[in-house]
Amino acid sequence: MSIKNVMVIGAGQMGAGIAQVCAQSGFEVLLHDMNEEALQKGLKNIEKLLARNVEKGKMSAEDKSVTMNRLSPSSDLKDAAACDLVIEAVVENMDVKTNIFRELDQYAPKHAILASNTSSLPITEIAAATDRPDQVIGMHFMNPVPIMKLVEIIRGLQTSEETYESIKAMTDELNKTPVEVKDFPGFVSNRILMPMINEAIYTVYEGVASPEDVDRVMKLGMNHPMGPLTLADFIGLDTCLYIMEVLHEGFGDSKYRPCPLLRQYVKAGWLGKKSGRGFYQYN
């Protein structure tokens, strides 16, 4: 199936990033958010990033203008009626996502593919909220979307071969690298990454080392570009906790048990960079 018109649901950091790379790659994009302030902020952030690319000589002013012209705001899910693909990028909560997919199933044309940017939730369960489970798939982009090359493509139990091939081809058009992944908790990226972050938190919880020294060990000893606790703050400690809970529930294995310190920080409102404090403090 040929994809030309795309709707991205959620104008936060991930949604805006997905909308940006789609528009830069020639797709007509509707950026949707129920919150008008969030929607305008998302569009302004895209324009700011594109302007920075112009300043750095990475794109021309004309290309920036063409890209922004491909982007349109949307505050009504019924706008999905004009789209070939809808990519959902809202909060990592199953009830929220299934409600959106249930509505999209009513509004999107019969041929449209419905994709989720979920980082850990089962695509099969999301697809079950629709009458087109064969046209539901996972597209897990990495953050920050304009820079990171990987997209995990997750097949649900009923995802058709045609749907998979269409999304794989589109991912290539976005100049991203698609990796096919089966529908298991955490997929590949977070099944490996989150237990490492959780273990790093345990080393702080048990007094083995300070957050600074844990990050220093992983950066200098393992050649990681960013320490796991800095990365956790960047991702959001609430998101890290939620994914660990999904892994713990999905596999029923104690090795995925979230660290009590992680729970405590989230309850305290220390969510990382977005709240101003996590394992580090931010201005």
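All figures in this text were calculated on a predicted structure; none of them were measured in a lab.

## Describing the overall build of the chain
- Regarding its fold elements, the chain presents 11 helices and eight strands.
- Its C-alpha radius of gyration of 19 Å places the chain within 12% of the 19 Å reference for a compact globule of 283 residues.
- For the C-alpha atoms alone, the extent of the chain along its principal axes is close to 55 × 45 × 30 Å.
- Taken across its 283 residues, the chain has 49% of its residues classed as buried.
- Restricting to contacts in the chain with at least 6 residues of sequence separation, those with at least 24 account for 67%.
- On the chain, roughly 13800 Å² of surface is accessible, and the fraction owed to carbon and sulfur atoms is 51%.
- Of the side chains in the chain, 29 bear a positive and 37 a negative charge, and the two mean positions are spaced by 5 Å.

## Focus: the side chain of Asn198
- Tracing the backbone shows Asn198 in helix α7 (residues 189–205).
- By relative accessible area, Asn198 is classed as buried at 2%.
- Dropping the residues within four chain positions of it, Asn198 is found in contact with Met244, Arg257, Pro258, Cys259 and Leu262.

## Some details on the environment of Pro109
- Structurally, Pro109 can be placed in the loop between α4 (94–107) and β5 (113–116).
- Separated by 18 residues in sequence, Pro109 and Val91 have C-alpha atoms that sit 24 Å apart.

## Concerning the UniProt feature "domain: 3-hydroxyacyl-CoA dehydrogenase NAD binding" (unreviewed entry) in the chain
- As annotated in UniProt, the feature "domain: 3-hydroxyacyl-CoA dehydrogenase NAD binding" (unreviewed entry) corresponds to residues 5–183 in the numbering used here.
- When the span residues 5–183 is considered, its composition is 41% helix and 22% strand, and the gap between its end C-alpha atoms is 26 Å.

## A short note on unusual backbone geometry
- The linkage connecting Asn143 with the following residue, Pro144, adopts the cis geometry, with an omega of 0°.
- One can find Pro144 in the loop between β6 (136–141) and β7 (150–155).
- Phi at Asn175 is positive, roughly 65°, even though this residue is not glycine.
- Within the secondary structure, Asn175 is located in the loop between α6 (161–173) and β8 (177–182).

## A closer look at the side chain of Lys64
- With respect to the helices and strands, the residue Lys64 is situated in helix α3 (residues 61–69).
- Setting aside residues no more than four positions away along its own chain, Lys64 makes contact with Glu47, Leu50, Ala51, Val54 and Met59.

## Concerning the sheet that holds β8
- Taken in spatial order, the eight strands make up an open sheet running β3-β2-β1-β4-β5-β6-β7-β8, and their pairing is mixed. Of all strands in the sheet, those bounded by a partner on one side alone are β3 (71–74) and β8. Each strand axis lies, on average, 25° off the axis of its neighbour in the sheet, ignoring direction.
- Bridge count between strand β1 (residues 5–9) and strand β2 (residues 28–32): five bridges; the pairing is parallel. The residue of β2 that forms the bridge with Ile9 is His32.
- Across the sheet, α6 lies against β1, β4 (85–88), β5, β6, β7 and β8, angled at about 175° from β7, the strand it touches most.

## Observations regarding the packing of α7 against helix α10 (residues 237–251)
- Direction vectors running N to C along α7 and α10 enclose 115°, while the axes themselves pass 10 Å from each other. Our classification of the angle between α7 and α10 gives roughly perpendicular. Our pair here, α7 against α10, has a crossing hand that is left-handed. Residues Asn190, Arg191, Met194, Pro195 and Asn198 of α7 lie in contact with α10, whose contacting residues are Cys240, Ile243, Met244, Leu247 and Phe251.
- The class makeup of the residues in the contact of α7 with α10 is seven nonpolar, two polar and one charged.

The rules we used
Residues numbered from 1 in each chain as written. Predicted model: local features only at pLDDT ≥ 70, side-chain atom pairs only at ≥ 80, totals over all residues. Heavy atoms only, no water. Helix = DSSP H or I, 4+ residues; strand = E, 2+ residues; numbered from the N terminus. Rg over C-alpha atoms; globule rule 2.2 N^0.38 Å. Buried < 20%, exposed > 50% of the residue type's maximum accessible area, 1.4 Å probe, protein only. Contact = heavy atoms within 4.5 Å. Areas by Shrake-Rupley, 256 points an atom, 1.4 Å probe, with all protein chains shown as cover. Lys, Arg positive; Asp, Glu negative; His and termini not counted. Charge placed at Lys NZ, Arg CZ, Asp CG, Glu CD. UniProt positions renumbered as here; feature names shortened; annotations may be inferred. Pairing = 2+ DSSP bridges. Axes fitted to C-alpha atoms, helices over the stretch in contact; angles between N-to-C directions. Parallel < 35°, antiparallel > 145°, perpendicular 65-115°, else oblique. Left-handed = near helix turned anticlockwise from the far one by under 90°. Nonpolar A, V, L, I, M, F, W, Y, C, P; charged D, E, K, R; others polar.

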